[in-house]
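Coordinate inspection notes
Given next are the chains, with one letter for each unit.
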Amino acid sequence: MIQTLNLQKLFATEEVETTALNGINMEVKDGEFVAIMGPSGCGKSTLLNILGLLDNPSDGEYNFYGTAVANMTERQRAQLRKGSIGFVFQSFNLIDELTVYENVELPLLYLKTPADERKSRVETALERMGIMHRRNHFPQQLSGGQQQRTAIARAVVAKPKLILADEPTGNLDSKNGEEVMKVLSELNDEGTTIIMVTHSPYDAGFAHRIVNLFDGKVVTENFHV
Ligand SMILES: Nc1ncnc2c1ncn2[C@@H]1O[C@H](COP(=O)(O)OP(=O)(O)OP(=O)(O)O)[C@@H](O)[C@H]1O
Ligand SMILES: [Mg+2]
């Protein structure tokens with residue numbers, strides 16, 4: 001379970017100071033599928049980056065499955081991130097110089113997974129995302145939907161308990177977007193916790209709960225079945 005208490009995030013440049021998060025209290029239970037919505041600039045990506053241990057809050061507490069993140073070293077945070085969290089971004093963020101197979105293999109190399117296990121895990125993930133036949137292609141040679149499925153394969157290959165997705169369908173047409181949402185729902189049905197930022201009410205309908213942000217604050221939470 002993850003839990004935040006009065007999370008604050010301030011960005012200071014020479015000219016301006018921006019309060020991106022202004023006291024976020026949030027709790028996500030194991031196995032939940034939560035959508036985060038709200039207007040552009042309200043802090044959604046900032047929140048997701050902090051939840052994903054990619055960035056630190058300016059103030060407040062963040063508890064990640066029983067560990068106070070503030071007390072951890074950068075190294076411990078990186079280790080936790082590699083082993084427990086998968087990321088999916090709007091712009092796919094694949095490495096252009098690596099093939100589909102190599103992109104998906106990368107998290108396992110970081111985790112020093114033995115070669116034979118790596119091979120079977122990568123192949124399982126590629127099969128599952130329906131991109132096995134594109135394993136030797138480079139990202140630029142794929143459709144947007146295939147790139148995002150590759151990114152999801154990379155996100156799940158290390159079997160993370162948490163997937164963080166920032167507008168995962170934002171660059172996809174409705175057919176490919178629907179496929180991505182189905183995959184995320186399946187992963188959630190199998191027990192993976194999912195937190196997804198989206199502008200799409202349709203995509204948010206796949207979640208159990210919608211957290212609405214405005215100006216760096218949680219304004220409402222809606223539950224549905
Ligand atoms: N690295 C940064 N330096 C300075 N300001 C930043 C930085 N990152 C984000 N901000 C500011 O923090 C606020 C929240 O940004 P954030 O990216 O979290 O918004 P968002 O809700 O994800 O928006 P969008 O829907 O457009 O993606 C914005 O005002 C943004 O300009
Ligand atoms: Mg954003």
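For the structure itself, look to the data block above.
Just so we're clear, the structure is a prediction, and the values are computed from it rather than from any experiment. (Residues numbered from 1 in each chain as written. Chains lettered and ligands numbered in written order. Predicted model: local features only at pLDDT ≥ 70, side-chain atom pairs only at ≥ 80, totals over all residues. Heavy atoms only, no water.)

Looking at the environment of Ile85
- In this fold, Ile85 is placed in strand S6 (residues 85-89).
- Placed 32 residues apart in sequence, Ile85 and Leu53 show a C-alpha to C-alpha distance of 9.0 Å.
- Those residues in contact with Ile85 that lie beyond four places of it in its chain are Leu51, Gly52, Leu53, Phe64, Leu80, Pro160, Leu162 and Leu164. (Helix = DSSP H or I, 4+ residues; strand = E, 2+ residues; numbered from the N terminus. Contact = heavy atoms within 4.5 Å.)

Regarding helix H2 (residues 74-84)
- Taken residue by residue, H2 has Arg77, Ala78, Arg81 and Ser84 as its buried positions. The buried side chains of H2 occupy one side of the element, clustering within an arc of 160° when seen end-on.
- Summarising the contacts, the buried residues of H2 are in contact with strand S4 (59-64), S6 and strand S7 (162-166). (Buried < 20%, exposed > 50% of the residue type's maximum accessible area, 1.4 Å probe, protein only. Arc of directions from axis to C-beta.)

Section: the sheet that holds strand S9 (residues 209-214)
- Spatially, S6-S7-S8-S3-S9-S10 is the arrangement adopted by the 6 strands of the open sheet, whose pairing is mixed. Bordering the open sheet on either side are S6 and strand S10 (217-223), each of which pairs with just one other strand. In this sheet, neighbouring strand axes are inclined to one another by 15° on average, regardless of whether the strands run parallel or antiparallel.
- In this fold helix H1 (residues 44-51) packs onto strand S3 (33-37), S6, S7, strand S8 (193-197) and S9, with an angle of close to 155° to the strand it touches most, S7.
- Along the sheet, helix H5 (residues 144-156) contacts S6 and S7; its crossing angle with S6, the most-contacted strand, is approximately 165°. (Pairing = 2+ DSSP bridges. Axes fitted to C-alpha atoms, helices over the stretch in contact; angles between N-to-C directions.)

What to know about the side chain of Asp166
- Considering the arrangement of structural elements, one finds Asp166 in strand S7.
- Of the side chains bearing the opposite charge, Lys44 lies closest to the buried Asp166, which forms no salt bridge; the N-O distance is 7.0 Å.
- Of the polar contacts made by the side chain of Asp166, one reaches the side chain of Ser45; its length is 2.6 Å.
- Contacts of Asp166, omitting those with residues within four sequence positions, involve Ser45, Leu48, Val88, Phe89, Gln90 and Val197. (Lys, Arg positive; Asp, Glu negative; His and termini not counted. Salt bridge = Lys/Arg side-chain N within 4 Å of Asp/Glu carboxyl O. Polar contact = N/O pair within 3.5 Å; in protein donor to acceptor, adjacent residues only side chain to side chain.)

Digging into the site of ligand 1
- Taken together, 13 residues surround ligand 1, and among them Ser40, Gly41, Lys44, Ser45 and Thr46 come closest.
- A distance of 2.8 Å separates an oxygen atom of ligand 1 from a polar atom in the backbone of Gly41.
- Here an oxygen atom of ligand 1 sits 2.9 Å away from a polar atom, N or O, in the side chain of His199.
- Mapped onto the shell around ligand 1, the elements with two or more residues apiece are strand S2 (17-28) and H1.
- The biggest single contributor to the shell around ligand 1 is H1, with 3 residues.
- Among the residues making up the shell around ligand 1, the classes are represented as 4 nonpolar, 7 polar and 2 charged. (Near = heavy atom within 4 Å. Nonpolar A, V, L, I, M, F, W, Y, C, P; charged D, E, K, R; others polar.)

Topic: the packing of aromatic side chains
- This model, assessed by the stated rule, comprises 4 aromatic pairs.
- Measuring from ring centre to ring centre gives 5.9 Å for Phe87 and Phe89, while their planes differ by 5°; the resulting arrangement is stacked.
- Grouping aromatic residues by their ring pairs yields a cluster made of Tyr62, Phe64 and Tyr65.
- Its end group placed over the ring of Tyr65, Lys161 keeps NZ or CZ at 4.2 Å from the ring centre. (Phe/Tyr/Trp six-rings, centres within 6.5 Å; stacked < 30°, edge-to-face > 60°. Lys NZ or Arg CZ within 6 Å of the ring centre and 35° of its normal.)

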